[in-house]
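Given next are the chains, with one letter for each unit.
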Amino acid sequence: MIATDHIAQEMKRRDLKLWAFGGGTICPLFDAMHRHNVEVIICRSEYGAGYAAIGAAKATGKPQVVAVTSGPGATNLVTPIADAYYDSVPIIALTGQVNTEHLGLRNVVRQRAFQQTNIIDIVNSITKTNRESISPDDLVMNFLSAFDIAITGRHGPVLIDMPMNSQKGECTYVLSNLLLPSVYSQPSSDQIDELIVLISQSRKPVFLIGAGCRGAYRQIRNLVQRLGIPCVASLPAVGIVPTDDPLYFGMVGHTGHPSANWIVQHSDLVVAWGARLDVRQTGTVVDKFAPEAKIVRVDVDKTELDNSRVRCDLAINARCEDVLGLIDKKLIGSDWYENWTVECGEKYYSMSVPDSQFARVIGEIDEKYVGDTIFVTGVGSHQQHAARHLTLDYPTCQFVTSAGHGCMGAGLPMAIGTALATGRRVVLIDGDGSFQMSLNELGTWMTYYPRIDLHVHIINNRSGGIVSQFARLNGYDPRETTWINPDFERIAEAYGLNVTVHNVNEEGVWPILESGAELDAMTWPEGDRL
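Residues numbered from 1 in each chain as written. Predicted model: local features only at pLDDT ≥ 70, side-chain atom pairs only at ≥ 80, totals over all residues. Heavy atoms only, no water.

**Student:** Explain the nonpolar core to me, and be specific about the residues and the numbers.
**Tutor:** Counting 55 residues, the largest nonpolar core has Leu 195, Ile 199, Phe 207, Ile 220, Trp 273 and Ile 327 as the members making the most contacts within it. Excluding anything up to four places from it in sequence, Ile 327 contacts Ile 192, Leu 195, Ile 196, Ile 199, Leu 223 and Trp 273. In terms of nonpolar packing, the next biggest core, distinct from the first, is built from 54 residues, Ala 56, Ala 59, Cys 407 and Leu 428 among them. (Core = buried A, V, L, I, M, F, W, Y, C linked by side-chain atoms within 4.5 Å. Buried < 20%, exposed > 50% of the residue type's maximum accessible area, 1.4 Å probe, protein only. Contact = heavy atoms within 4.5 Å.)

Here it is, written out as structure tokens:
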């Protein structure tokens, strides 16, 4: 059996789709998929295929496979690969490549064959690992091991470069069900004891929940409810604790809820569960982040802990679910927590975000789609307002977005991938600028309509609103972030589809945390609180 048949066989065994855009050097792979009845989803660009795979992986929690051709096909996939790396998304990128005979001098001669590109070196810093497959056996082994690599430790992308002759060659031995040992660092008993003492002795604790806590969502909810500890969330973690839970006080950081920032700054203990504590979460004044608090970080990625941007009093290199499992039964609540929670609630209402057209539109969308829904966003003002105002409850009402890389145009292909992979209702909330960067993927939606239950809402303010806001706040001319838009509804109609456009006359997000300000010193709009 040739190498690509082994790949297709494994895809079939895992019940996976192949997200792809066509090209000559992956024709052998496509033929193998057909022979083994693996569905191939052809998107309208490599970029779209990559983000469709990311959406599917985020929504299902399972690794996804995307395939593109060599040269421009591979380089067009770089942005989704980077996004998957920064958001810890397990995708396996298969890139076609010219025959191995042309690869020997690639670091000496610029190009020996048509559409030859050294994609391995290009993506080296944005993949967990990348592999050149110089033989059919290498290709099969690389593919089978990629699944475990992608989901062991901190999740992320793996790239496998596939020369055509490796794809078509016979394997000399069969590798199947290759499993790598999943080894996770375990917390020490001293660390667990110290964390228990810190939580038990705290008078004003807060849990800062990150996306690394998604696998432990039941455990963190149970602990929050049992102890009565206030919690806040990073952007990709919104909904891990239900947003309508009385102990949830909003998204933290740059465009977060002002009360969430206040709570972190005035706490005496911050426990960050699977959160990177990057600049969007903490602000730029890191030496004054939670100044009176002990800071605990629980993270599966040791490099994040070893290179923490903020002071860290206790660093636990382990999965959130493992730590929560060890501390849960040993912790009891404190009467002090109730007093602190009341104070947090008072701040939540006294520091509520101002009414806005964005908020009203998000509210209308939220009321329309009650129950089992996956909300997907593009990147921009609409994204931040959605995170603030949607009613989310993972996994029933889930939130999927491009967080760390913050890539405009990700919304539509992620929504399509999410809908195809889950069969659930998906609602895309996109901005006019973000939507136009991938509107060619309307063709993919058209191909699978009405098989997928996808609803698209575009919030149109005829600008890159959050960038315009940044420009104005920093004394720059925002004219490059305003534009004239086409009729989005008529464009969708040309594909036989319907989208809903909401016209607003606002830009940006208020209040907002500016550079140089402490976390609880957000800037409010003129005429409001400053």
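**Student:** Before we move on, can you summarise the pattern of salt bridges with the specific residues and values?
**Tutor:** Following the criterion strictly, the structure yields 19 salt bridges and no others. For Asp 278, the salt bridge is made with Arg 276, and the minimal N-O distance between the two is 2.8 Å. The closest approach of N and O atoms between Lys 288 and Glu 518, which form a salt bridge, is 3.7 Å. Taken together, the residues span a long stretch of sequence, with Lys 288 in the loop between helix 12 (279-282) and strand 11 (294-299) and Glu 518 in the segment after strand 17 (500-503) at a distance of 230 residues. Through salt bridges with shared partners, a single ionic network connects Glu 10, Arg 13 and Arg 14. (Salt bridge = Lys/Arg side-chain N within 4 Å of Asp/Glu carboxyl O. Helix = DSSP H or I, 4+ residues; strand = E, 2+ residues; numbered from the N terminus.)

**Student:** Give a description of unusual backbone geometry that names residues and reports values.
**Tutor:** Put simply, Tyr 394 and Pro 395 share a cis peptide bond, and its omega is 0°. Turning to its location among the elements, Pro 395 is positioned in the loop between helix 17 (381-389) and strand 14 (397-400). For Ser 88, which is not glycine, the phi dihedral falls at a positive 60°. The topology assignment puts Ser 88 in the loop between helix 5 (78-86) and strand 4 (91-97). In this model, Ala 290 sits at a positive phi of 45°, which is unusual for a non-glycine residue. Of note, Ala 290 is situated in the loop between helix 12 and strand 11. A relative accessible area of 0% places Ala 290 in the buried class.

**Student:** So what about the sheet that holds strand 8 (residues 231-233)? Which residues, and what values?
**Tutor:** Taken in spatial order, the six strands make up an open sheet running 9-8-7-10-11-12, and their pairing is parallel. Edge positions in the open sheet fall to strand 9 (248-251) and strand 12 (314-317), since each of these has one partner strand only. Going across the sheet, the axis of each strand differs from the next one's by a mean of 15°, ignoring polarity. Inspection of the sheet shows strand 8 paired to strand 9 by two bridges, in the parallel sense. Residue Ala 233 lies in a different strand from strand 9, and its bridge partner there is Met 251. Along the sheet face, helix 9 (residues 189-201) touches strand 7 (205-209), strand 10 (269-273), strand 11 and strand 12 and points at about 130° away from the line of strand 12. Running at roughly 130° to strand 10, helix 14 (residues 320-327) makes contact with strand 10, strand 11 and strand 12 of the sheet. (Pairing = 2+ DSSP bridges. Axes fitted to C-alpha atoms, helices over the stretch in contact; angles between N-to-C directions.)

In short, the description is geometric, and any link to function would need to be established separately.
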